[in-house]
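# Overview (structure and organization)
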Amino acid sequence: MKFRDIFCWLACVVSLGAPASAHSVQEIVNKAPNGLAQTPPMGWNSWNKFACNITEATVRATADAMVASGMRDAGYEYVVIDDCWHGARDADGFITADAQKFPSGIKALADYVHSKRLKFGIYSDAGRLTCGGRPGSQGHEYQDALTYARWGVDYLKYDWCNTGDRNAKEAYALMAHALRQSGRPIVFSMCEWGTAKPWLWAQNVGNLWRTTGDIWDSFAKNDKAHDWAHPVLSIVDQNEPLWQYAGPGHWNDPDMLEVGNGGMTTSEYRSHFSLWAMMAAPLMAGNDIANMDEATRSILLNKDVIAVDQDALGIQGRRVAKDGDKEVWVKPLTGGARAVLLFNRGEQPVRIQATADHVGIPATQRAKVRDLWAHRDMPRWKGSLEAEVEPHGVAIFRVGP
Ligand code: GLA
């Protein structure tokens, strides 16, 4: 046994309590949830825009922009560095930051983010290497959880590359246990792409779990032609049927937002954002928010649509009617209200109607109607909603007291 292995064993057993191997995986899976993420997490993640080119300067500028743009006050909370922040492990096996890209170190960066009244997140992987080829956490779970806690990490995204024949349930339960033992509340974002159907077993393990491969910045086409790249429509169709598995503390994650990254039209981005809100999805902006245009800003800062996503009931909305390209979606909200989405998947403008049966509010019930993109109160509820919807577009309403 090398010194570093002895050290890790000591770290696990002495300072962090017994490692997960002393427990059955089922025991960890059955533990009460960690109480975090009672509404879907909101924030920003570096990957969709910056990929491996992320630096300390960009993260700082992003945190500044989250405050200046009003995003923090609209609910965006976590600033998450995705892959490629890592340097090598030190002689004792502790992870370090890439000194070129993060010269001040991760602790100083976390302190900066916290000084802006934001929270700080980081990324690792259940394999020996991350998807970007940096050191993964396999074999270092307790040591890494301890390091993150010391740095002030509030959120961990945990990926699934280079995991060989690891069992997903065991690997994620192990890191969930290590995070609990670290003593710091850390939101656990599971990123194993839905391969092992985490919605069936991870309710007490993770706070959110990816349900699909990676989002691709396109509405309907996989221009990348890789089977891991999923346009919005494909993600929506994979994530929607899982509605019953989402709830406070444990969310389906259809991946981070592409709003503002240039591959879709403004109305497609509006649809993307509205569908994510209807699905109670985590709202992690994935664009360069320090340099975003007004159209992007007005989508990410639509507080009426954010309120649909963040509703305290935490019920994932779903498709209640489909007629070719015309769809009606409904999400129950607190106080008996409903969010209603009319969605045109097609290439031509169409009229779409939602009935009282679709919405679940009788025509005779007194209810107000608000158009959440026009930000306009509409005539009172009379038992149906109808709108002309542009190609790839949506209309979204709140109906209720
Ligand atoms: C995977 C994940 C992405 C991103 C990259 C980083 O593809 O699904 O969200 O984290 O790895 O390499």
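These numbers come from a predicted model, not from an experiment.

### What about the sheet that holds strand S13 (residues 318-323)?
Spatially, six strands are ordered S13-S14-S15-S20-S17-S18 in an open sheet, and the strand pairing comes out antiparallel. Looking at the sheet topology across the chains shown, the edges are occupied by S13 and strand S18 (376-378). Sheet twist, expressed as the average angle between the axes of neighbouring strands with direction ignored, equals 25°. The pairing of strand S14 (residues 326-332) with strand S15 (residues 338-344) spans seven bridges and is classified as antiparallel. From the neighbouring strand, Glu327 faces S15, where its bridge partner is Phe343. Sheet contacts for helix H10 (residues 266-278): S14, S15 and strand S20 (394-400); angle to S15, the most-contacted strand, approximately 140°.

### Quick notes on the sheet that holds strand S7 (residues 187-190)
One open sheet accounts for eight strands, arranged S11-S8-S7-S6-S5-S2-S1-S12; its pairing is parallel. Across the chains shown, the open sheet's two edge strands, defined by having one partner strand only, are strand S11 (251-253) and strand S12 (283-285). Across the sheet, the mean angle from the axis of one strand to that of its neighbour is 25°, orientation sign disregarded. Bridge count between strand S8 (residues 208-210) and S11: three bridges; the pairing is parallel. Within S11, the residue paired with Trp209 across the bridge is Asn252. Docked against the sheet, helix H6 (residues 106-115) engages strand S2 (78-80) and strand S5 (119-125), running at close to 145° with respect to S5.

### Description of the domain arrangement of the chain
Considered domain by domain, the chain is made up of domain 1 (28-309) and domain 2 (318-400). Taking only C-alpha atoms, the centre of domain 1 and the centre of domain 2 are 30 Å apart. Across the boundary between the two partners, domain 1 contributes 24 residues, which contact 21 residues of domain 2. Two residues, Glu240 and Arg319, come together in a salt bridge whose shortest N-O distance is 3.9 Å. Linking domain 1 with domain 2 are eleven residue pairs in polar contact (both at pLDDT 80 or more), by the criterion used here. Per element, the largest residue contribution to the side of domain 1 that touches domain 2 is nine residues, and it comes from H10. Partitioned by chemical class, the residues of the side of domain 1 that touches domain 2 number 13 nonpolar, five polar and six charged.

### Describing the site of the ligand
Around the ligand, 13 residues are found, and the nearest of them are Asp82, Asp83, Lys157, Asp159 and Asp214. The separation between an oxygen atom of the ligand and a polar side-chain atom of Asp83 is 2.8 Å. Within the side chain of Lys157, one N or O atom sits 2.8 Å away from an oxygen atom of the ligand. Summarising the interface, the protein chains cover 93% of the accessible area of the ligand, which totals 310 Å² for the free molecule. Taken together, the residues of the shell around the ligand break down into six nonpolar, one polar and six charged.

### Some thoughts on the pairing of S15
The element S15 is extensively covered by neighbouring structure, given that seven of its seven residues are classed as buried. The alternating pattern of S15 places Arg338, Val340, Leu342 and Asn344 on one face and Ala339, Leu341 and Phe343 on the opposite face, and all of these are buried. Turn length for the S14-S15 hairpin, with the two strands adjacent in sequence and antiparallel, is five residues, and the turn residue Gly335 shows positive phi of about 75°. Note: S15 against S20, six bridges, orientation antiparallel. Among the inter-strand pairings, Val340 is bridged to a residue of S20, identified as Phe397.

### Looking at the packing of helix H9 (residues 232-239) against H10
One can describe the packing of H9 onto H10 by two numbers: an axis separation of 11 Å at closest approach and a directional angle of 10°. In terms of axis orientation, H9 runs roughly parallel to H10. Here H9 contributes Val232, Ile235 and Val236 to the contact with H10, which in turn contributes His272, Leu275 and Trp276. Looking at the contact of H9 with H10 residue by residue, the classes come out as five nonpolar, one polar and no charged.

### Observations regarding the side chain of Thr211
Considering the arrangement of structural elements, one finds Thr211 in the loop between S8 and strand S9 (214-215). For Thr211, a relative accessible area of 5% puts it in the buried group. A distance of 2.7 Å separates the side chain of Thr211 from the side chain of Asn239, its partner in a polar contact. Sequence-distant contacts of Thr211, defined by excluding residues within four places in its chain, comprise Trp193, Gly194, Trp199, Gln238, Asn239, Leu242, Asn252, Asp253 and Pro254.

### Remarks on the packing of aromatic side chains
Applying the stated criterion to the full structure yields nine aromatic pairs. A ring pair is formed by Tyr158 and Phe188, whose centres lie 5.8 Å apart and whose planes are at 45°; its orientation type is tilted. One end of the pair, Tyr158, is in strand S6 (residues 155-159); the other, Phe188, is in strand S7, and 30 residues separate them in sequence. Here Tyr158 matches Phe188 in class, with each residue buried.

Rules used throughout
- Residues numbered from 1 in each chain as written.
- Predicted model: local features only at pLDDT ≥ 70, side-chain atom pairs only at ≥ 80, totals over all residues.
- Heavy atoms only, no water.
- Pairing = 2+ DSSP bridges.
- Helix = DSSP H or I, 4+ residues; strand = E, 2+ residues; numbered from the N terminus.
- Axes fitted to C-alpha atoms, helices over the stretch in contact; angles between N-to-C directions.
- Contact = heavy atoms within 4.5 Å.
- Domains from an automatic or database assignment.
- Salt bridge = Lys/Arg side-chain N within 4 Å of Asp/Glu carboxyl O.
- Polar contact = N/O pair within 3.5 Å; in protein donor to acceptor, adjacent residues only side chain to side chain.
- Nonpolar A, V, L, I, M, F, W, Y, C, P; charged D, E, K, R; others polar.
- Near = heavy atom within 4 Å.
- Areas by Shrake-Rupley, 256 points an atom, 1.4 Å probe, with all protein chains shown as cover.
- Buried < 20%, exposed > 50% of the residue type's maximum accessible area, 1.4 Å probe, protein only.
- Parallel < 35°, antiparallel > 145°, perpendicular 65-115°, else oblique.
- Phe/Tyr/Trp six-rings, centres within 6.5 Å; stacked < 30°, edge-to-face > 60°.

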